[in-house]
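# Residue-level structural notes
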Amino acid sequence: MAAVIEVEALRKEYRRARGPSTVAVDNLDLSVPEGGVFGFLGPNGSGKTTTIRCLLGLVRPSSGRARMLGVDVATGLPDVISRVGSIVETPAMFPNFSGRRNLLLLGRLHGIGATAVDAALERVGLAERGRDLVKTYSLGMKQRLGLAGTLLKDPALLILDEPANGLDPAGIKEIRGLVRTLGAEGRTVFVSSHLLAEIQQTCDRVAILSRGRCVASGPVGDVLRAGRSVGVVARVADQRAALRVLSAAGIAATSEGDTLLVDVDRTAAARVTQLLGEAGLWVSELRPREVSLEDVFLDLTADDHG
């Protein structure tokens, strides 16, 4: 599978006249394959936005190499930028112009006319509000208008920096659906976010950043399976008796609703069944506890949280 974005040993250090310098990106390696939605996940300050700025030529890296759509960003970005759509921070629009007029003005810069503008508004669900002033739009609508602007060029690659940031649940759901649709069309959508649930629901693949370095990368399912063991879930009629039996055997367990969360490796699950069975406590359900992206994320970025 061809790589649409390739980053090798990328480093960005901000030097100060006084005081120590700040390393925003530290020897980062990253490969984003063609097609689908790729999640770029990390805590605030982990280097996500700086990496995106390096890819778009907005910031010059201190060292390392970045390639996008097959060209070196440092020398060939003008050759491919017409195939890239991006949103970094909140899209800038004229509030006293309509959404459609904003896109028409943007389209003129690239020789794009009204037909493409109307098609983009339709794609993001703003066809009926296109002639309304932007200042009357909700934040979610403004984000969708920004996405419409990126679609005018019919880009092969979309780079979106925190597209759901600050949105209410309805707005997040709108952006999530739109991003998934765009990825399903064969485009590559590169999305940075700190919203764990959104990444898990939206993305095919993910990279997790911590202190400017990539600490995990791959298909979402593979990253989840590689996460720490979080025990097994057991269902038994007499929870109190089961807790006493497990505690006596040196196995930590807690009550969680109508089940027990037992702190053992999945390979030791049979031991739980044996102990409870010998005590006359029959297990009606025993399964691995599902690992969420939040579990993996918090484990891998523990240093970033103090």
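Anything mentioned here points back to the structure above.
Structural notes, computed from the coordinates.

## Quick word on helix α1 (residues 48-55)
One full turn of an α-helix is made of 3.6 residues, so residues set three or four places apart face in the same direction. Counting buried positions along α1 yields six of eight residues, so the element is predominantly enclosed. If you check which residues of α1 are buried, you get Lys48, Thr50, Thr51, Ile52, Cys54 and Leu55. One or two positions beyond α1, positive phi appears at Gly57, with a value near 75°.

## Re the pattern of salt bridges
Considering all chains together, one arrives at 16 salt bridges under this definition. Residue Arg100 is joined to Asp118 by a salt bridge in which the shortest nitrogen-to-oxygen separation is 2.8 Å. Of the two residues, Arg100 is situated in helix α3 (residues 99-108) and Asp118 in helix α4 (residues 114-123); the sequence distance between them amounts to 18 residues. Residue Arg100 is classed as buried on the basis of its relative accessible area, which comes to 16%. Among the salt bridges present, the one from Glu185 reaches Arg123, with a minimum N-O distance of 2.6 Å. Remark: Arg123 occurs in helix α4 and Glu185 occurs in the loop between α6 (169-184) and β8 (188-193); sequence separation between them is 62 residues. Given a relative accessible area of 40%, Glu185 falls into the partly exposed group.

## Comments concerning the environment of Leu30
With respect to the helices, strands and loops of the structure, Leu30 is situated in strand β2 (residues 22-33). Along the sequence, Leu30 and Val233 sit 203 residues apart, while their C-alpha atoms lie 36 Å from each other. Beyond its immediate sequence surroundings of up to four residues, Leu30 is in contact with Ile5, Glu6, Val7, Phe38, Phe40, Phe190 and Ala207.

## Regarding the sheet that holds strand β12 (residues 253-256)
Pairing between the strands of a sheet comes from backbone hydrogen bonds, and it takes one of two forms, parallel or antiparallel. A sheet is described by the order of its strands in space; here four strands give the open sequence β12-β13-β11-β14, paired in antiparallel fashion. Bordering the open sheet on either side are β12 and β14 (283-288), each of which pairs with just one other strand. Taken pair by pair, the neighbouring strands of this sheet meet at an average axis angle of 25°, ignoring direction. In this structure, β12 lies alongside strand β13 (residues 259-262), joined through four bridges in antiparallel fashion. Opposite Ala253, over in β13, you have Val262 as the bridge partner. Of the strands in this sheet, β11 (232-236), β12 and β13 are in contact with helix α9 (residues 239-248), which crosses β13 at around 15°.

## Considering the layout of surface pockets
Considered as a void within the structure, the largest pocket measures approximately 480 Å³ in volume. What lines the largest pocket is a set of 19 residues, among which Ser86, Ile87, Leu106, Gly149 and Thr150 lie closest to the centre. Contributing elements (two or more residues each) for the lining of the largest pocket: β6 (84-88), α3 and α5 (139-151). Ranked by residue count, the leading element in the lining of the largest pocket is β6, at five residues. Of the residues belonging to the lining of the largest pocket, the class tally is ten nonpolar, eight polar and one charged. What the second largest pocket holds in volume is close to 150 Å³. Taken together, Asn44, Thr49, Glu89, Thr90, Leu139, Gln143, Asp161, Glu162 and Asn165 make up the full set of residues lining the second largest pocket. Considered class by class, the residues forming the lining of the second largest pocket number one nonpolar, five polar and three charged.

## Considering empty space enclosed by the protein
Scanning all chains against the criterion turns up one cavity of 30 Å³ or more. Here the largest cavity defines a volume of roughly 110 Å³. Listing elements by their share of the lining of the largest cavity, those giving two or more residues are α6, β8 and α7 (196-202). It is α6 that contributes the most residues to the lining of the largest cavity, four residues altogether. Across the lining of the largest cavity, the residue classes break down as seven nonpolar, two polar and two charged.

Rules of the game
Residues numbered from 1 in each chain as written. Predicted model: local features only at pLDDT ≥ 70, side-chain atom pairs only at ≥ 80, totals over all residues. Heavy atoms only, no water. Buried < 20%, exposed > 50% of the residue type's maximum accessible area, 1.4 Å probe, protein only. Helix = DSSP H or I, 4+ residues; strand = E, 2+ residues; numbered from the N terminus. Salt bridge = Lys/Arg side-chain N within 4 Å of Asp/Glu carboxyl O. Contact = heavy atoms within 4.5 Å. Pairing = 2+ DSSP bridges. Axes fitted to C-alpha atoms, helices over the stretch in contact; angles between N-to-C directions. 1 Å grid on protein atoms, 1.4 Å probe; cavity = no way out; pocket = protein on both sides within 12 Å on 5 of 7 lines; lining within 4 Å. Points joined across faces, edges and corners; volume = space filled by probe spheres on them. Nonpolar A, V, L, I, M, F, W, Y, C, P; charged D, E, K, R; others polar.

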